[in-house]
Amino acid sequence: MEYTVNALAQLARLTPRTLRWYDREGLLKPCRVTEAGYRIYGPKEVDRLQEILLYRELDLPLEKIRAILDSPGFDRKAALQSHLTALREKRTRLDGLIETVERTLLSEKGEITMTDKEKFHAFKVGLVARNEEKYGMEVKEKYGEATLKESGDKLMGLTEEAYQEWKTLEEEILSALATAVQKGEPPAGVEGARIALLHCRWLDFTLPSCTPQIQMGLAEMYVADQRFTDYYDRETPGCARFLREAVAAMVGE
């Protein structure tokens, strides 16, 4: 079956403007354009639009979606299975948050007593799930499934004070990296060494142990895997590479 812009937009609950924008961005091209200038979409374009919207539900940026869909090795069945797994995990996280809000309301009404640990449990569960979803495969390949499980267990076992300290330390590292890159600090200098030590301390919260080999392996991944690079470079480009070089200088690589 074929669709015009308006018909496909109505089917997908989008605006025609969105489809035209996807066309301009090279994300979703029509199968053909009529002599009158109307865009026409066929079955392949419908399937691709479904993929785009599924990836958008997982909060992927459009440029990342385009790169995935245009990859020569793209496998629609494998992608759908991955979507299903990710969406089920997202549902589990949302169910946990809904339960937390419901119990908090009951606590505010005086109907139950809610411990401080219970107030934050769902957030930690969600964080572990997101980390495994994003980076689990790489960690398993490099360090084994036991390390991944132990890391998740260690995170879940953090007290609320330790959890907040861990998150604060993460923000301190990101801020220090941005400042160091903006000032042109050398990664092998004093500030680079300080950041590398903070990074090791941050890893100690969730890893069995922050050995030089593990820290260096993770730092290498920050520049080799675009997802990590995007995370560290989200405000200031070059932060991921600075951290990698700072860690290398500290461990003697």
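Our structure's up above, just so we're on the same page.
Please read all numbers here as calculations on a predicted model, not as lab measurements. (Residues numbered from 1 in each chain as written. Predicted model: local features only at pLDDT ≥ 70, side-chain atom pairs only at ≥ 80, totals over all residues. Heavy atoms only, no water.)

Enquirer: Whenever I open this one, the packing of helix α3 (residues 43-57) against helix α4 (residues 62-69) confuses me. Can you help?
Expert: Helix-helix packing is characterised by the crossing angle of the two axes and by the distance between the axes. Close contact between α3 and α4 brings their axes to 10 Å; oriented N to C, the two are set at 135°. The angle between the axes of α3 and α4 places the two elements in the oblique class. Crossing geometry of α3 relative to α4 is assigned as right-handed. Touching Arg48, Glu51, Ile52, Tyr55 and Arg56 of α3 are Leu62, Ile65, Arg66, Ile68 and Leu69, all from α4. Per-class residue counts for the contact of α3 with α4 are 6 nonpolar, no polar and 4 charged. (Axes fitted to C-alpha atoms, helices over the stretch in contact; angles between N-to-C directions. Helix = DSSP H or I, 4+ residues; strand = E, 2+ residues; numbered from the N terminus. Parallel < 35°, antiparallel > 145°, perpendicular 65-115°, else oblique. Left-handed = near helix turned anticlockwise from the far one by under 90°. Contact = heavy atoms within 4.5 Å. Nonpolar A, V, L, I, M, F, W, Y, C, P; charged D, E, K, R; others polar.)

Enquirer: What exactly am I supposed to notice about the pattern of salt bridges here?
Expert: Charged atoms that come close allow side chains of opposite charge to pair. Under the counting rule described, the total for this entry stands at 11 salt bridges. Aspartate 23 is paired through a salt bridge with arginine 39; the nearest N and O atoms lie 2.6 Å apart. Highlighted residues: aspartate 23 in helix α2 (residues 16-24) and arginine 39 in strand β3 (residues 39-41), separated in sequence by 16 residues. By relative accessible area, which is 9% here, aspartate 23 ends up buried. With relative accessibility at 22%, the residue arginine 39 sits in the partly exposed group. Of the charged contacts in the structure, one is a salt bridge between glutamate 165 and arginine 201, with a shortest N-O distance of 3.1 Å. (Salt bridge = Lys/Arg side-chain N within 4 Å of Asp/Glu carboxyl O. Buried < 20%, exposed > 50% of the residue type's maximum accessible area, 1.4 Å probe, protein only.)

Enquirer: Help me out: how do you make sense of the sheet that holds strand β2 (residues 32-33) in this one?
Expert: Remark on secondary structure: sheet strands pair via backbone hydrogen bonds, oriented parallel or antiparallel. With antiparallel pairing, 3 strands are arranged side by side in an open sheet as β1-β3-β2. The open sheet terminates on both sides in strands that have one partner only, identified here as β1 (3-4) and β2. By the bridge criterion, 2 bridges tie β1 to β3 in an arrangement that is antiparallel. Paired with threonine 4 across the two strands is isoleucine 40, which belongs to β3. (Pairing = 2+ DSSP bridges.)

Enquirer: Quick question: what am I supposed to make of helix α1 (residues 5-12) here?
Expert: Where α1 is concerned, the buried positions are Val5, Leu8 and Ala9. Around the axis of α1, the buried residues are gathered within 100° of arc, so they sit on the same side. Facing away from the buried side of α1, by more than 90 degrees, are the exposed residues Asn6 and Gln10. Structurally, α1 contributes buried residues whose contacts are with β1, α2, β3 and α3. Two residues or fewer past α1, arginine 13 is found with a positive phi of approximately 60°. (Arc of directions from axis to C-beta.)

Enquirer: Even after reading the chapter, I still don't get helix α8 (residues 160-183), so can you show me in this structure?
Expert: Each α-helix turn comprises 3.6 residues. Residues three or four places apart therefore point the same way. Between its first and last C-alpha, α8 extends 35 Å over 24 residues, near the 34 Å set by a 1.5 Å rise per residue. Of all the positions in α8, only Glu160, Ala162, Tyr163, Trp166, Leu169, Glu170, Ile173, Leu174, Ala176, Leu177, Ala178 and Ala180 are classed as buried. Downstream of α8 by a residue or two, glycine 184 has a phi angle that is positive, lying close to 75°. (Expected span 1.5 Å × (residues − 1).)

Nothing here speaks to function; it is all geometry.
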